[in-house]
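# Fold and contact review
Read off the chains here:
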Amino acid sequence: MAVTITQLKKMKDEGDKITWLTAYDYSFAHLVDSAGVDAILVGDSLGMVIQGHSTPVPVTVEDTCYHIECVVRGSSNSLIVGDMPFGSYQLSKEQAYANATKLMQAGAHVVKLEGGELQEETIQFLTQRGIAVCAHIGLTPQSVHALGGFKVQGRGDAAKLLFEDAKRVEAAGAFAVVLEAVPSSLASDITAALDIPTIGIGAGIDCDGQVLVLHDMLGIYPKKSPKFSKNYMQGADSVFAAVSNFVADVKAGEFPKPEHSFV
Ligand code: KIV
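Residues numbered from 1 in each chain as written. Predicted model: local features only at pLDDT ≥ 70, side-chain atom pairs only at ≥ 80, totals over all residues. Heavy atoms only, no water.

## Side note on unusual backbone geometry
This is how it is decided: Only DSSP runs of H or I with at least four residues qualify as helices, and only runs of E with at least two residues qualify as strands; both kinds are numbered from the N terminus onward.
Residues Phe255 and Pro256 are joined by a peptide bond in cis, for which omega reads 5°. Note that Pro256 resides in the segment after helix H11 (239–251). One non-glycine residue, Ala181, lies in positive phi territory at about 50°. Here Ala181 shows up in the loop between strand E6 (176–180) and helix H9 (184–193).

Okay, here's the thing in structure tokens:
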């Protein structure tokens with residue numbers, strides 16, 4: 001059986017770092033799974049690294065289901081997280097349920113959606129109906145145009161609001177929360193305040209786990225990768241070695257370093 005959300009919670013409780021990576025196809029999913037990554041996120045980053053768009057906004061439910069199906073065929077141990085695309089859950093909790101169902105029927109074990117307080121009701125609605133939900137707060141790439149770019153979130157007065165968002169998604173029933181591009185000290189405070197695991201991407205070393213976009217950490221995305229990523233192909237003699245080194249670094253508390261983090 002694949003890694004479960006109960007195991008992720010146990011890992012947090014026991015101080016074992018959690019590893020997530022994205023994957024979008026059979027072969028990479030097989031490799032990531034074999035390297036012992038705890039969860040594979042079929043992220044809407046596929047809009048950028050697979051489809052070549054400049055944001056994840058164009059990704060559809062159909063696209064996501066297709067990639068989930070490919071990933072499912074390649075993996076046996078990792079938890080599979082299906083990312084709810086832009087426009088597939090914001091309209092109503094019923095819309096969210098209908099689309100989350102499609103992702104689950106494609107093979108996702110759990111779903112992820114962007115938003116804090118605004119998504120409280122939807123998270124509660126889905127979890128009460130048997131769909132485990134990971135929230136994603138901080139830099140939420142689906143809102144990149146509204147945010148005015150891919151920018152660090154939660155600095156200054158916004159820190160309190162982000163902290164409250166984290167508490168609210170936990171109270172609504174989320175099993176984990178992704179913290180993207182937030183100051184390390186804030187991510188550390190949120191991690192200490194929550195019972196559920198925090199999964200950081202550009203959120204510092206104190207998160208319970210780390211996630212990266214596979215194409216960034218393999219250095220194969222032709223455009224600029226974010227500061228919070230690291231090219232694990234440098235010094236590795238295979239893709240498998242690169243992914244294994246990421247897993248080992250996260251487990252040992254060696255990634256991220258301050259240069260991959262924000263103050
Ligand atoms: O879509 C994605 O890959 C994500 C990660 C950046 C967390 O949401």
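## Concerning the nonpolar core
One recurring pattern in soluble globular proteins is that nonpolar side chains are buried together. Note the cut-off: Buried residues of nine kinds, namely Ala, Val, Leu, Ile, Met, Phe, Trp, Tyr and Cys, make up a nonpolar core once their side-chain atoms join them within 4.5 Å. Burial classification: accessible surface area is computed with a 1.4 Å probe over protein chains only, and a residue below 20% of its type maximum counts as buried, one above 50% as exposed, and the rest as partly exposed. Residue contacts are defined here by distance: any two heavy atoms, one from each residue, within 4.5 Å place the two residues in contact.
Counting 58 residues, the largest nonpolar core has Leu21, Leu126, Leu179, Met217, Val243 and Phe246 as the members making the most contacts within it. Ranked by residue count, the leading element in this core is H11, at 6 residues. Excluding its chain neighbours within four sequence positions, the residues that come into contact with Leu179 are Ile137, Ala187, Ile190, Thr198, Ile199, Gly200, Ile201, Ala203 and Cys207. Core analysis: the second largest hydrophobic core is formed by 22 residues, Trp20, Leu41, Ala181 and Ile199 among them.

## Notes on the side chain of Thr22
Quick note on the threshold: Identification of polar contacts relies on pairs of N or O atoms within 3.5 Å, with a donor-acceptor requirement for protein atoms, meaning one able to donate a hydrogen and the other able to accept it, and with residues adjacent in sequence counted only if both atoms are side-chain atoms.
Here Thr22 shows up in strand E1 (residues 18–22). Only 2.9 Å separates the side chain of Thr22 from the backbone nitrogen of Leu214, close enough to count as a polar contact. Sequence-distant contacts of Thr22, that is, excluding residues within four places in its chain, are made with Ile40, Leu41, Ser45, Leu212, Val213 and Leu214.

## A look at helix H1 (residues 5–14)
Because each turn of an α-helix spans 3.6 residues, side chains separated by three or four positions in sequence point in the same direction. Where we set the bar: Regarding the arc, it is the one traced by the directions from the helix axis to the C-beta atoms.
Taken together, the buried positions of H1 are occupied by Leu8, Met11 and Lys12. Seen end-on, H1 carries its buried residues on one side only, within an arc spanning 100°. Seen from the open side of H1, the exposed residues pointing more than 90 degrees away from its buried face are Thr6 and Asp13. Its buried side turned inward, H1 meets E1, strand E3 (79–83), H9 and H11.

## Some details on the pattern of salt bridges
Side chains bearing opposite charge may pair, as long as their charged atoms lie close to each other. Heads up, the condition is: Each salt bridge in this description consists of a side-chain nitrogen of Lys or Arg and a carboxyl oxygen of Asp or Glu lying within 4 Å of one another.
Taken as a whole and assessed by the stated rule, the structure comprises 11 salt bridges. Across the pair Lys10 and Glu14 runs a salt bridge, and its minimum N-O distance is 3.6 Å. Taken together, the positions of Lys10 and Glu14, both in helix H1 and 4 residues apart, correspond to about one turn of that helix. Notably, a salt bridge pairs Asp249 with Lys230, separated by 3.6 Å at the nearest N-O pair. Of this pair, Asp249 sits in helix H11 while Lys230 sits in the loop between helix H10 (214–217) and H11, and the two are 19 residues apart along the sequence. In this structure, a network of salt bridges that share partners links the residues Lys93, Glu94 and Glu121.

## Observations regarding helix H2 (residues 26–34)
Buried within H2 are the following residues: Ala29, Leu31, Val32 and Asp33. Contact partners of the buried residues in H2: E1, strand E2 (39–42), helix H4 (61–74), H10 and H11. One side-chain oxygen of the residue at the start of H2 lies 3.5 Å from the amide nitrogen of Ser27, identifying that residue as Asp25. Downstream of H2 by a residue or two, Gly36 has a phi angle that is positive, lying close to 90°.

## Here we look at the side chain of Glu180
Condition: A positive count includes Lys and Arg, and a negative count includes Asp and Glu. His and the chain ends are not counted in either.
If you trace the backbone, Glu180 turns up in strand E6. No salt bridge is formed by the buried Glu180, whose closest oppositely charged neighbour, Lys112, lies at an N-O distance of 6.4 Å. If near-sequence neighbours (up to four positions away) are discounted, Glu180 is found in contact with His136, Ile137, Gly138, Leu139, Pro141, Ile201 and Phe228.

## A look at the packing of H4 against helix H5 (residues 93–106)
Condition: Axis definition: a line fit to C-alpha positions, over the contact stretch in the case of helices; interaxial angles, taken between N-to-C directions, run 0 to 180 degrees. Angle categories: roughly parallel below 35 degrees, roughly antiparallel above 145, roughly perpendicular from 65 to 115, and oblique for all the rest. By convention the crossing between two helices is left-handed if the near helix lies anticlockwise of the far one by an angle smaller than a right angle, and right-handed if it lies clockwise. Note on residue classes: Ala, Val, Leu, Ile, Met, Phe, Trp, Tyr, Cys and Pro are nonpolar, Asp, Glu, Lys and Arg are charged, and everything else, Gly too, is polar.
Running from N to C, H4 and H5 point in directions that differ by 25°, and their axes come no closer than 8 Å. Put simply, H4 runs roughly parallel to H5. Here H4 and H5 pass one another in a crossing that is right-handed. Taken together, the residues of H5 that come into contact with H4 (itself represented by Val61, Thr64, Cys65, Ile68, Glu69 and Val72) are Asn99, Lys102, Leu103 and Ala106. Of the residues belonging to the contact of H4 with H5, the class tally is 6 nonpolar, 2 polar and 2 charged.

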